[in-house]
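Reading the structure
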Amino acid sequence: DLIRTRSFEPDLEYMFKHPLTQEVVYNGLLKRERKDIHEQVARVMERLFEGRLSEFYETLAYHFALGRSGNKAVEYLVKAGEKSLARDAVEEAHEYYKKAYDILTTKGDETEEEKKLLIDMLNSWGYVYYSLGDMKAFIALFESNKALAESLGDKARLGMFYAWLGIAYYVAGEPKNSYDYLRSALDLGERAGDRKVVGYACAWLPWTCAFLGLFDEGIAYGNRAQEIAKSFPSDQYLYFKSLAGICYVYAWGRDIEKVFEGAKRLLDYGEETSNSRSKVFGHFMNAFGYIKKGDMVLCRKESEKAIDSALDPFYASFSKPNLAISYFMDGRFQEAEDVLESLLDFSEKRGIGMFTTLAQMFLSPILIAKGQMKQGLKKLEEIQAVLLKNHQRLYYALSEYLLGQVYTQFITGPSPGFSTMAKNIGFLVKSVPFAEKKAEEHFSKAITLFREMEAKGELGEALLGLGRLYKAKRRNEKARDCFSEAANLFEECDADLYLKQANEELSSVK
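If you're wondering where the values come from, they're calculated on a predicted model, not measured in any experiment.

Moving on, we get to the overall build of the chain. Scanning the chain for helices and strands turns up 28 helices and two strands. With the C-alpha coordinates aligned to their principal axes, the bounding extent of the chain is approximately 95 × 50 × 45 Å. Sequence-distant contacts in the chain: of pairs separated by 6 or more residues, those separated by 24 or more amount to 62%. For the chain, the computed accessible surface area is about 23,300 Å², with 51% contributed by carbon and sulfur atoms. Separation of charge centres in the chain, based on 69 positive and 75 negative side chains, amounts to 3 Å.

Now the structure itself:
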């Protein structure tokens, strides 16, 4: 009475009446017998379900792992991970990859085939780590296996490995490291004649190039990736990631209409393929475009849509900077602070440096607005040192613009209340007499950097800020020059609301 009949048709099947009975019987088998039986079960399943193996990846991995074919177990664990990732179960996918990694790294004395299998597995695992946003663990894992990848002498494998390290360092806020790895990946892919490696390197390079202020180069890489993506129609990531990268570069003051065009293509592609990640990028790029146009209301709507569309932890954070900045630009500092603190908490734990520095950068003027003037200014200057160290040229220019705005507020803003003045009297005595000079220096530095990068929208905003400073100090001729150039730049970029502001300022200067 230990088993009972489960079914008669289409085959006679039995099952244990109680799982404890099954466990006792299983543990009563010799380990060697168990391995043999698991191996036989897996081999039979491969034959029986040859045409529909994807339904049984997890079961096949389980039996091969307990059988005698560890490499087969890894093969099916990776397939199970890819399947889970495709249906947005990223945490589940991560567990499959961890099991595969443990199998390959605990036996010791790996064969050449197993070493290659390990690097292939890591290159597949990269998608999961990216979706999770855990850059600390991502970089640590890949750096610990870099010597092995380099020892194989396989250009294509190493190229893809370097490409993943490149994107990890980009997200970690180290664009120079990212650029070097991605360029190496591109070179290896070209020498190996592997178009997929070339495509992936070119898909990620626009993002890194934007941080470094290399806009023309970034667009060229993105367009090359889009061409290569046509040869891999089933590789959705290659297509939408490179398209989003092109939009990202255009958003930095090049052509806002192209940002919106690309965002529509990303959203349409997401609908056609049921790809939530492409939809997230589509809404994210729309939000970014609206920031550049100066429409903070629509930016918030698109940012919220991006967050709602996201099914992965990292993708859910993409539009939080846009959301926070839209609140900040509208003077809704508490709401901006809430979003930035949430983003900072998520990013610091995972080593997402590109969000950490951005959150800290915008939290600094909020501290100043709340009356913590010395602390806010000190934090912003500390962030600048980090940006310079990590070659974040674009964000450094943005920080100079913010400093210009901060010092301008000391001159043109409302007078602080008595309690604020009392808390900051020493700071105000030292800073206010030099505020005009400081503001002009910071705006001028931002203008120089944005002009060098040809970041037209940002250049326009910096000129608008400097013009307002000159207007406040009755330096009208200089103010007119700034407002006039800013208006031309905003018109060129289709930044309608900023264009209206610049024209209003221009007409107000006698």
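What follows covers the side chain of Glu46. Following the sequence through the fold, Glu46 ends up in helix 2 (residues 31-48). One polar contact links Glu46 to Tyr76, side chain to side chain, over a distance of 2.6 Å. The contact partners of Glu46, leaving out residues within four places of it in the chain, are Leu53, Leu60, Phe64, Lys72 and Tyr76.

Looking now at the confidence of the model for the chain. In the predicted model, the chain carries a mean pLDDT of 90, and the fraction of residues at 70 or more is 95%. Across residues 415-429, where pLDDT falls below 50, the model places 16 contacts with residues more than four positions away in sequence or in other chains.

Moving on: the packing of aromatic side chains. For the structure shown, the criterion picks out 46 aromatic pairs. A centroid spacing of 5.4 Å and a plane angle of 70° characterise the contact between Tyr237 and Phe240, whose relative ring orientation is edge-to-face. Residue Tyr237 and its partner Phe240 are located together in helix 13 (residues 236-251), separated by three residues, close to a single helical turn. Both residues of the pair, Tyr237 and Phe240, count as buried. Ring plane angle 50° and centroid distance 4.8 Å describe the contact between Phe260 and Tyr290, whose orientation is recorded as tilted.

With that out of the way, let us pick up helix 7 (residues 135-144). Residues Met135, Phe138, Ile139, Leu141 and Phe142 constitute the buried set of helix 7. Down the axis of helix 7, the buried set is contained in an arc of 165°. They therefore lie on one face. In this fold, the buried residues of helix 7 make contact with helix 5 (90-106), helix 6 (112-132), helix 8 (146-151), helix 9 (155-171) and helix 19 (333-350).

As a further point, take the pattern of salt bridges. Evaluation of the coordinates by the stated rule reveals 36 salt bridges. For Asp154, the salt bridge identified is with Arg157, shortest N-O distance 2.8 Å. A relative accessible area of 22% means that Asp154 is categorised as partly exposed. In this structure, the salt-bridge partner of Lys230 is Glu227, at a minimum N-O distance of 2.9 Å. Sharing partners across several salt bridges, the network here consists of Glu39, Arg43, Glu46 and Lys72.

Right, let's talk about helix 15 (residues 276-293) for a bit. With 18 residues, helix 15 extends 26 Å from end C-alpha to end C-alpha; this agrees with the ideal 26 Å at 1.5 Å per step. Two or three places before Arg277, at the start of helix 15, stands the capping residue Asn275, its side-chain oxygen 2.9 Å from that residue's backbone nitrogen. Remark: Gly294 follows helix 15 within two positions and exhibits a positive phi of approximately 90°.

Here the focus is the pairing of strand 1 (residues 3-7). Note: strand 1 against strand 2 (residues 13-16), four bridges, orientation antiparallel. Each residue of the ladder has a partner; that of Ile3, found in strand 2, is Phe16. The antiparallel hairpin formed by strand 1 and strand 2 contains five residues in its connecting segment.

Residues Tyr130 and Tyr248 are the most contacted members of the largest nonpolar core, which totals 176 residues. Non-local contacts of Tyr248, meaning those with residues more than four positions away in its chain, are made with Tyr170, Trp207, Ala210, Phe211, Phe284, Met285, Phe288 and Tyr395.

Considering the arrangement of structural elements, one finds Ile219 in helix 12 (residues 215-229). Accessibility expressed as a relative area gives 10% for Ile219, which makes it buried. Separated by 91 residues in sequence, Ile219 and Val128 place their C-alpha atoms 26 Å apart.

Residue position: Glu400 is located in helix 22 (residues 393-412). Glu400 has contacts with Gln384, His442, Phe443, Lys445 and Ala446, leaving out every residue within four places of it along the chain.

For any two helices packed against each other, the geometry is given by the interaxial angle and the distance between the axes. Where helix 6 meets helix 7, the axes come as close as 10 Å, and the angle between the chain directions of the two elements is 165°. With respect to their mutual orientation, helix 6 and helix 7 come out roughly antiparallel. Considering only the axes of helix 6 and helix 7, their crossing is left-handed. The residues of helix 7 that touch helix 6, namely those facing Leu122, Asn123, Trp125, Gly126, Tyr129 and Tyr130, are Met135, Ala137, Phe138, Leu141 and Phe142. By residue class, the composition of the contact of helix 6 with helix 7 is nine nonpolar, two polar and no charged.

We now examine the environment of Met453. Its place among the elements puts Met453 in helix 25 (residues 435-453). Met453 gets classed as buried once you look at its relative accessible area, which sits at 2%. Met453 sits 140 residues away from Pro313 along the chain, and the two C-alpha atoms are 32 Å apart.

This part covers the state of the cysteines. Under the definition given, this model contains zero disulfides. Free cysteine Cys202: the closest other cysteine sulfur is in Cys209, separated by 9.7 Å. A disulfide-free cysteine, Cys247 has its sulfur positioned 15 Å from the sulfur of Cys299, the nearest such atom.

In this structure, the amide linkage connecting Glu9 to the following residue, Pro10, adopts the cis form with an omega of 0°. The backbone of His391 shows a phi angle near 60°, a positive value even though the residue is not glycine. Positionally, His391 belongs in the loop between helix 21 (373-389) and helix 22.

Let us look at the packing of helix 7 against helix 9. With their axes 10 Å apart at the nearest point, helix 7 and helix 9 run at an angle of 150° to one another. Accordingly, the angle class assigned to the pair helix 7 and helix 9 is roughly antiparallel. The crossing of helix 7 and helix 9 is left-handed. Facing Met135, Phe138, Ile139, Phe142 and Glu143 of helix 7, the residues of helix 9 in contact are Phe161, Trp164, Leu165, Ala168, Tyr169 and Val171. Partitioned by chemical class, the residues of the contact of helix 7 with helix 9 number 10 nonpolar, no polar and one charged.

Rules of the game
Residues numbered from 1 in each chain as written. Predicted model: local features only at pLDDT ≥ 70, side-chain atom pairs only at ≥ 80, totals over all residues. Heavy atoms only, no water. Helix = DSSP H or I, 4+ residues; strand = E, 2+ residues; numbered from the N terminus. Contact = heavy atoms within 4.5 Å. Areas by Shrake-Rupley, 256 points an atom, 1.4 Å probe, with all protein chains shown as cover. Lys, Arg positive; Asp, Glu negative; His and termini not counted. Charge placed at Lys NZ, Arg CZ, Asp CG, Glu CD. Polar contact = N/O pair within 3.5 Å; in protein donor to acceptor, adjacent residues only side chain to side chain. pLDDT = per-residue confidence, 0-100. Phe/Tyr/Trp six-rings, centres within 6.5 Å; stacked < 30°, edge-to-face > 60°. Buried < 20%, exposed > 50% of the residue type's maximum accessible area, 1.4 Å probe, protein only. Arc of directions from axis to C-beta. Salt bridge = Lys/Arg side-chain N within 4 Å of Asp/Glu carboxyl O. Expected span 1.5 Å × (residues − 1). Pairing = 2+ DSSP bridges. Core = buried A, V, L, I, M, F, W, Y, C linked by side-chain atoms within 4.5 Å. Axes fitted to C-alpha atoms, helices over the stretch in contact; angles between N-to-C directions. Parallel < 35°, antiparallel > 145°, perpendicular 65-115°, else oblique. Left-handed = near helix turned anticlockwise from the far one by under 90°. Nonpolar A, V, L, I, M, F, W, Y, C, P; charged D, E, K, R; others polar. Disulfide = S-S within 2.5 Å.

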